[in-house]
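Secondary and tertiary structure notes
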Amino acid sequence: AAAGAARCELDECTEEFAGAVPGAVCGAEQQCRDAALTTVGDFVCSCVAPEVGTATGAAAECTLDECKVPENAATCRGAGQVCQDANIRVKDTWECVCPTPS
C-alpha cells in the first residue's frame, strides 16, 4: 500500500453536496459544472438557453431578452412593428410597438 496524503475530491454540483435537493447548488433552471474537484467554491452555474448568465460559486442571475426569441420577433415583424422587452429579468414583459417614423 502507498503511504501519503489522500487526494480528496468533491463535486460541488452533486445532490449529496447540496443536501440531497436537486438543483440546490445553482437552482432548478440552471446547469452546474465543477471542473476542479479538489477546490471548493469554484463551481460554475449557467442559465439554460434561451436565458443567459453565469456565476462562479453561486447561482447565476439569468436574463432573457424575449425579443431575441425568434417567435416573438417574428410576431412583431409580421405586424410591421418592433419588439421591445421592458425588463429582461422578468418573463412576459415584451410587446410589439409601432416603429418610430423616420
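In the block above lies the structure referred to throughout.
Quick notes on the rules
Residues numbered from 1 in each chain as written. Predicted model: local features only at pLDDT ≥ 70, side-chain atom pairs only at ≥ 80, totals over all residues. Heavy atoms only, no water. Helix = DSSP H or I, 4+ residues; strand = E, 2+ residues; numbered from the N terminus. Buried < 20%, exposed > 50% of the residue type's maximum accessible area, 1.4 Å probe, protein only. Contact = heavy atoms within 4.5 Å. Pairing = 2+ DSSP bridges. Axes fitted to C-alpha atoms, helices over the stretch in contact; angles between N-to-C directions. Arc of directions from axis to C-beta.

1. A short note on the overall build of the protein chain
When its secondary structure is counted, the protein chain shows one helix and five strands. Reading the protein chain from its N end, one meets helices and strands in the order β-β-β-α-β-β. A burial count over the protein chain gives 24% of its 102 residues as buried. Long-range pairs, those at least 24 residues apart, make up 23% of the contacts in the protein chain between residues at least 6 apart in sequence.

2. With respect to the environment of arginine 77
Here arginine 77 is to be found in helix α1 (residues 70-78). When the C-alpha positions of arginine 77 and cysteine 96 are compared, they lie 8.6 Å apart, and in sequence the two are 19 residues distant.

3. A few points about the sheet that holds strand β1 (residues 30-33)
Ordered in space as β1-β2-β3, the three strands form an open sheet in which the pairing is antiparallel. Edge strands, defined here as strands with exactly one partner in the open sheet, are β1 and β3 (54-56). Averaged over all adjacent pairs, the angle separating strand axes in this sheet is 20°, with direction ignored. Relative to strand β2 (residues 44-47), β1 runs antiparallel, the two being bridged by four bridges.

4. Quick notes on the environment of alanine 60
The residue alanine 60 is located in the loop between β3 and α1 in this model. Residue classification places alanine 60 among the buried positions, given a relative accessible area of 10%. Along the chain, alanine 60 and cysteine 47 lie 13 residues apart, while their C-alpha atoms are 6.7 Å from each other. Once you skip the residues sitting within four places of it in the chain, alanine 60 turns out to touch Gln30, Cys45, Cys47, Gly53, Thr54 and Ala55.

5. Brief notes about α1
What α1 keeps buried is the set Asn72, Ala73 and Cys76. For α1, the buried positions fall inside an angular range of 95° around the axis, keeping them on one side. Structural note: α1 exposes Pro70, Glu71, Arg77 and Gly78 on the side pointing more than 90 degrees away from its buried face.

6. Quick word on unusual backbone geometry
For the bond from alanine 49 to proline 50, the omega torsion is 15°, close enough to zero to count as cis. For aspartate 92, which is not glycine, the phi torsion reads 65° and is therefore positive. Relative to the elements of secondary structure, aspartate 92 occurs in the loop between β4 (82-85) and β5 (94-97). For aspartate 92, a relative accessible area of 68% translates into the label exposed.

What is shown is where atoms sit, not what they do.
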